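Given next are the chains, with one letter for each unit.
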Amino acid sequence: DAGITQSPRHKVTETGTPVTLRCHQTENHRYMYWYRQDPGHGLRLIHYSYGVKDTDKGEVSDGYSVSRSKTEDFLLTLESATSSQTSVYFCAISLGGVDEQFFGPGTRLTVL
Amino acid sequence: AQSVTQPDIHITVSEGASLELRCNYSYGATPYLFWYVQSPGQGLQLLLKYFSGDTLVQGIKGFEAEFKRSQSSFNLRKPSVHWSDAAEYFCAVGGSGGSYIPTFGRGTSLIVHP
C-alpha cells in the first residue's frame, strides 16, 4: 500500500470555525490532490498540487485553500466551515498528472 | 471539457453471474482511462487503466475493460462475480490533451446477492 495518511480521520466542528486537514505521503510523489465525496456526486476535485508551493484549483474550490510547503505534506483549510462542507475528504497522490492515483483512507468531516 | 458518465447508479447481480459496468466519456484527445473500486469505509484502489495499445485491458481481481473509441466507452467486465466484489466502482478519464487531471464519474454501486 502507498504510504498516505490523513489526519484527523474524523472531525466534528461548528459552523464558522476554521478547519485544517492534513495529508502526508512517504512516496515522494510529485502530485497531490484533495477530493470531496458526497452521495450522488462521486469524487469532486477541490485543489491539487504539482510541486512544492505549486497548487491549482479544482471544480469545487470555493471556500477551501491549500498549502504545500514540503513534498510530503498537503494541507486543506476550510477558513470558515459551513454545513455544506460536511463530507468525506480524500487525499490522493500520483507520480505524474495523468498517472494512476493512490488514495488515502479519508477524513469524515461533520459541520454542525 | 472532459466528462465521464456512469449511467447506472446501482447494479444488482447474483453471485457467480457475469458483470458489466458501463462508462462513457467525453474527451477531446486520446484519453487515459481508469477504473477504481472503493470498498465501504475505504479509499479508492486502482483496478485497471488504459493509456494506449491493446484495447482490452486486464486488471486485478479478475476484472477487464474494453476501450471502444467509436462508442466513447470503457466498460468494466467480470465473468463471475464474488460476494467480495460488492463495492462502489468509479470510472475516470484524463490525458495528455486538455485537462490532464482525471475526472471521475459519479460511481456505480454493485450489490451482490448470494
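Located above this text is the structure these notes cover.
Residues numbered from 1 in each chain as written. Chains lettered and ligands numbered in written order. Predicted model: local features only at pLDDT ≥ 70, side-chain atom pairs only at ≥ 80, totals over all residues. Heavy atoms only, no water.

Some words on the environment of Cys23 of chain B
All names here are of chain B.
Okay, so step 1: Here Cys23 is to be found in the loop between β3 (19–21) and β4 (24–26).
Okay, so step 2: In this structure Cys23 comes out as buried when scored by relative accessible area, which is 0%.
Okay, so step 3: In this structure Cys23 touches Val4, Thr5, Trp35, Ser72, Ser73, Phe74, Asn75 and Cys91, once residues within four positions along its chain are discounted. (Helix = DSSP H or I, 4+ residues; strand = E, 2+ residues; numbered from the N terminus. Buried < 20%, exposed > 50% of the residue type's maximum accessible area, 1.4 Å probe, protein only. Contact = heavy atoms within 4.5 Å.)

Focus on the side chain of Gln25 of chain A
Residue and element names in this part refer to chain A.
Okay, so step 1: Mapped onto the elements, Gln25 comes out in strand β3 (residues 19–25).
Okay, so step 2: A distance of 3.2 Å separates a polar atom in the side chain of Gln25 from the backbone oxygen of Thr71.
Okay, so step 3: Once you skip the residues sitting within four places of it in the chain, Gln25 turns out to touch Gly3, Ile4, Met32, Arg68, Thr71, Glu72 and Ile93. (Polar contact = N/O pair within 3.5 Å; in protein donor to acceptor, adjacent residues only side chain to side chain.)

Regarding the packing of aromatic side chains
Okay, so step 1: As enumerated under the stated definition, the model contains 17 aromatic pairs over all chains in all.
Okay, so step 2: When the centroid spacing of 5.7 Å and the interplanar angle of 80 degrees are considered together, the rings of Phe103 of chain A and Tyr36 of chain B count as edge-to-face. Taken together, the residues Phe103 of chain A in strand β10 (residues 102–103) and Tyr36 of chain B in strand β5 (residues 31–38) connect one chain to another. Across this residue pair, the class does not change: Phe103 of chain A and Tyr36 of chain B are buried.
Okay, so step 3: Members of the aromatic cluster, joined through ring pairs, are Tyr31, Tyr33, Tyr35, Tyr48, Tyr50 and Phe103 of chain A together with Tyr32, Phe34, Tyr36, Phe51 and Phe104 of chain B. (Phe/Tyr/Trp six-rings, centres within 6.5 Å; stacked < 30°, edge-to-face > 60°.)

A short note on the state of the cysteines
Residues and elements named next belong to chain A.
Okay, so step 1: The final tally for this structure, using the stated rule, is two disulfides over all chains.
Okay, so step 2: Note on cysteine connectivity: Cys23 is disulfide-linked to Cys91, with sulfurs 1.8 Å apart. Residues Cys23 and Cys91 are joined through a disulfide that is left-handed, its torsion about the S-S bond being -70 degrees. Remark: Cys91 occurs in strand β9 (residues 87–94) and Cys23 occurs in strand β3; sequence separation between them is 68 residues. The pair Cys23 / Cys91 is uniform in exposure class, with both members buried. (Disulfide = S-S within 2.5 Å.)

Considering the sheet that holds β3 of chain A
Residues and elements named next belong to chain A.
Okay, so step 1: Across the sheet, four strands lie side by side as β1-β3-β8-β7; this open sheet has antiparallel pairing. Looking at which strands have only one partner, the edges of the open sheet turn out to be β1 (4–7) and β7 (64–70). Between one strand axis and the next, the sheet turns through 20 degrees on average, direction left out of account.
Okay, so step 2: Sheet topology note: the β1/β3 ladder contains four bridges and is antiparallel. Across the sheet, the residue bridging to Gln6 is Cys23, located in β3. (Pairing = 2+ DSSP bridges. Axes fitted to C-alpha atoms, helices over the stretch in contact; angles between N-to-C directions.)

Examining the pairing of strand β8 (residues 64–68) of chain B
Residues and elements named next belong to chain B.
Okay, so step 1: In this sheet, β8 lies alongside strand β7 (residues 56–58) in antiparallel orientation, the contact comprising three bridges. Following the sheet pairing, Gln58 is matched in β8 by Glu64.
Okay, so step 2: In this antiparallel pair of consecutive strands, β7 and β8, the connection spans five residues, and Lys61 shows a positive phi of 60 degrees.
Okay, so step 3: The pairing of β8 with strand β9 (residues 73–78) spans five bridges and is classified as antiparallel. What sits directly across from Glu64, in β9, is Arg77.

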